[in-house]
Protein chains: 2
Amino acid sequence: MYIPKLYLDDLKVGDEFRSREFQLTETAIHDFAAEFDPQPFHLDAEAARSSIFNGLAASGWHTAAISMRLIVESVPLASGVIGVDVQITWPRPTRPGDVLHVVSRVAGISPSKSKPDRGIVTMQSDTLNQSGEVCQKLSSKLVVFRKEPTA
Amino acid sequence: MYIPKLYLDDLKVGDEFRSREFQLTETAIHDFAAEFDPQPFHLDAEAARSSIFNGLAASGWHTAAISMRLIVESVPLASGVIGVDVQITWPRPTRPGDVLHVVSRVAGISPSKSKPDRGIVTMQSDTLNQSGEVCQKLSSKLVVFRKEPTA
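Structure report, in brief. (Residues numbered from 1 in each chain as written. Chains lettered and ligands numbered in written order. Predicted model: local features only at pLDDT ≥ 70, side-chain atom pairs only at ≥ 80, totals over all residues.)

1. Section: the relation of the copies chain A and chain B
Our working rule: To line up the copies, we fit them by least squares on C-alpha atoms, keeping just the residues with pLDDT of at least 70 in both. C-beta atoms are first placed from the backbone for all residues, and any pair lying within 7 Å is then listed as a contact.
Least-squares fitting of chain A to chain B yields an RMSD of 0.0 Å, with the transformation described by 0.0 Å of translation along the axis and a rotation of 180°. Taken together, the rotation and translation relating the two chain copies correspond to the operation of a two-fold axis. When each C-alpha of chain A is compared by its distance to the rotation axis, Q87 of chain A comes out closest, at 2.2 Å. Most of the interface of chain A is mirrored in chain B, where 100% of its interface residues are also at the interface.

Below, the structure written as C-alpha cells:
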C-alpha cells in the first residue's frame, strides 16, 4: 500500500489514522520497567496482585513508548512526528498479552504566525486494547511543516 | 543514607527532591529510538544535522523514561510513584553525552473526597542537563496513600 507523505496543507480536522496491532509480553513489561520504572507492580506478578493495579501492569511510560512507535508508523507526516507538548492519561493499565493499537485523530490545526513554513497540529491518540478499552489518551501538539512556505 | 518512605501526610507543598545524575550515550539514544521512535533525527547523526534538531537528539519519550527512572529513585513515596495524568513539554532536546538530573517539587496536595486512604499530589519535575538547562518539564498527578485512612 502506498502511503502518501503528508504536509500541513494536506491535513484537516477529523483526519484519522489507525495503527497496526502490537502484542505486549510479560518479558517486555519486565525489561522496560527494570530499565526505566523499577517498581514492584511493573516487575513482579506476585507483588502486583496486592497493589493498586491488581496484577502485573506495564509502566505507563512503556505504554507511551509503544504508542509512539505505532504513531510514527501510522501517521505519515513528511517531516516526522515531532511533539513539543503532550498530555497523557492512563484510564486503565496495559497487561501481559494485551494486543494494542492506536487511533490518532487531527483535533486542531494552527498555522504559525511567526514561521510561515510550519504550524502546530493537535493530535488526539487513543491506545486501545483487544477489547476496545482505552488504556491511554494522548493529546500531542506536533510541529508540522508545509510543502511550500506561504508568502 | 536512610531515606524515609513518605505517605500523603508526610508531604507538604514546596518539598523538593533531587535525583542522582545520569549520562545519556549515543548508543542508548539509538537503541531506544530504534525500538520506540524510529525517526532519522533520533537514529542518525548525519540525517539529524539537517533536521529541526540540528544534530542527534534523543526521543522525548526516552528523556521521559530516563526522568521516570530518576524520579522513582529520588522521590521516596511509600506506595510508589503512580501517575494518573501527566503533562510534558520539551523546551530543548537531550543529546549524546548529556548528564541529566531531575528536580521534583510538590506543587499541590488534594486529599480524595471519596477515598479516605489517599490523595492526589501534583508534582513538577524538571529534567536538567549539565549546563542547568531545562530539557523537559513534567507535571504529574500522582496517587499517594495515607499511612492510616482518615476517619
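Here the narrative resumes, following the displayed structure.
2. Considerations on the pairing of strand 5 (residues 118-128) of chain B
Successive residues of a regular strand alternate their side chains across the two faces of the sheet. Residue and element names in this part refer to chain B. Short version of the rule: Here a residue counts as buried when 20 or more other C-beta atoms fall within 10 Å of its C-beta, as exposed when 12 or fewer do, and as partly exposed in between; the C-beta atoms come from the backbone. Helical segments are the DSSP runs of H or I of at least four residues, strand segments are the runs of E of at least two, and each set is numbered from the N terminus. In this analysis, strands are considered paired if DSSP registers two or more bridges between them.
By the alternation rule, side chains of strand 5 split into G119, V121, M123, S125 and T127, which are all buried, and R118, I120, T122, Q124, D126 and L128, of which none is buried. Here strand 4 (residues 99-111) runs beside strand 5; their pairing, made up of ten bridges, is antiparallel. Among the inter-strand pairings, S104 is bridged to a residue of strand 5, identified as S125. The turn linking strand 4 back onto strand 5 is made up of six residues. Direction of pairing for strand 5 relative to strand 6 (residues 134-145): antiparallel, over a ladder of eleven bridges. The residue of strand 6 that forms the bridge with T127 is Q136.

3. With respect to helix 4 (residues 60-74) of chain A
Because the α-helix completes a turn every 3.6 residues, residues three or four places apart line up on one side. Threshold: The span expected for a helix works out to 1.5 Å for each residue beyond the first.
In this model, helix 4 of chain A (15 residues) spans 21 Å end to end at C-alpha, consistent with the 21 Å of a helix rising 1.5 Å per residue. The buried fraction of helix 4 of chain A amounts to 13 of the 15 residues, a majority that puts the element mostly inside the structure.

4. A look at the packing of helix 4 of chain A against helix 4 (residues 60-74) of chain B
Helices that pack against each other are described as a pair by the angle of their axes relative to one another and the distance between those axes. Spelled out, the test is: In this analysis, axes come from line fits to C-alpha atoms, helices being fitted only over the stretch in contact, and the angle between any two N-to-C directions falls in the range 0 to 180 degrees. Angular relationships are summarised with four words: roughly parallel below 35 degrees, roughly antiparallel beyond 145, roughly perpendicular across 65 to 115, and oblique for the angles in between. Residues are sorted three ways: Asp, Glu, Lys and Arg are charged, Ala, Val, Leu, Ile, Met, Phe, Trp, Tyr, Cys and Pro are nonpolar, and all the rest, Gly among them, are polar.
Between helix 4 of chain A and helix 4 of chain B, the shortest axis-to-axis distance is 10 Å and the interhelical angle comes to 170°. When the axis of helix 4 of chain A is compared with that of helix 4 of chain B, the two are roughly antiparallel. Where helix 4 of chain A abuts helix 4 of chain B, its residues W61, A64, A65 and M68 of chain A lie against W61, A64, A65 and M68 of chain B. Across the contact of helix 4 of chain A with helix 4 of chain B, the residue classes tally to eight nonpolar, no polar and no charged.

5. Describing the environment of V106 of chain A
All names here are of chain A. Note that V106 resides in strand 4 (residues 99-111). Linking V106 and S139, residues 33 residues apart in sequence, is a C-alpha distance of 9.9 Å. Excluding residues that lie within four positions of it along the chain, V106 makes contacts with L11, K12, V13, G14, D15, V121 and M123.

6. Remarks on helix 1 (residues 26-36) of chain B
Spelled out, the test is: Of all possible arcs, the one meant is that of the directions from the helix axis to the C-beta atoms.
Taken together, the buried positions of helix 1 of chain B are occupied by I29, F32, A33 and F36 of chain B. On an axial view of helix 1 of chain B, the arc spanned by its buried residues comes to 100°, and they lie on one face. For helix 1 of chain B, exposure combined with an orientation more than 90 degrees from the buried face picks out T27 and A34 of chain B. Buried residues belonging to helix 1 of chain B abut helix 4 of chain A together with helix 2 (40-43) and helix 4 of chain B.

7. Let's talk about the pairing of strand 4 of chain B
Residues and elements named next belong to chain B. Bridge count between strand 1 (residues 16-18) and strand 4: three bridges; the pairing is antiparallel. By the bridge assignment, F17 is partnered in strand 4 with S104. Sheet analysis places strand 2 (residues 22-23) next to strand 4, joined by two bridges and oriented antiparallel. By the bridge assignment for strand 4, F22 is matched with L100.

8. What to know about the interface of chain A and chain B
At the junction of the two partners, chain A supplies 26 residues and chain B supplies 26 residues. For the side of chain A that touches chain B, the secondary-structure elements that each account for two or more residues are helix 4 and strand 3 (82-89) of chain A. Among the residues making up the side of chain A that touches chain B, the classes are represented as 17 nonpolar, six polar and three charged. In the sheet, strand 3 of chain A pairs with strand 3 (residues 83-89) of chain B via five bridges, with the strands oriented antiparallel. Considered in strand 3 of chain B, the bridge of V86 of chain A is made with I88 of chain B.

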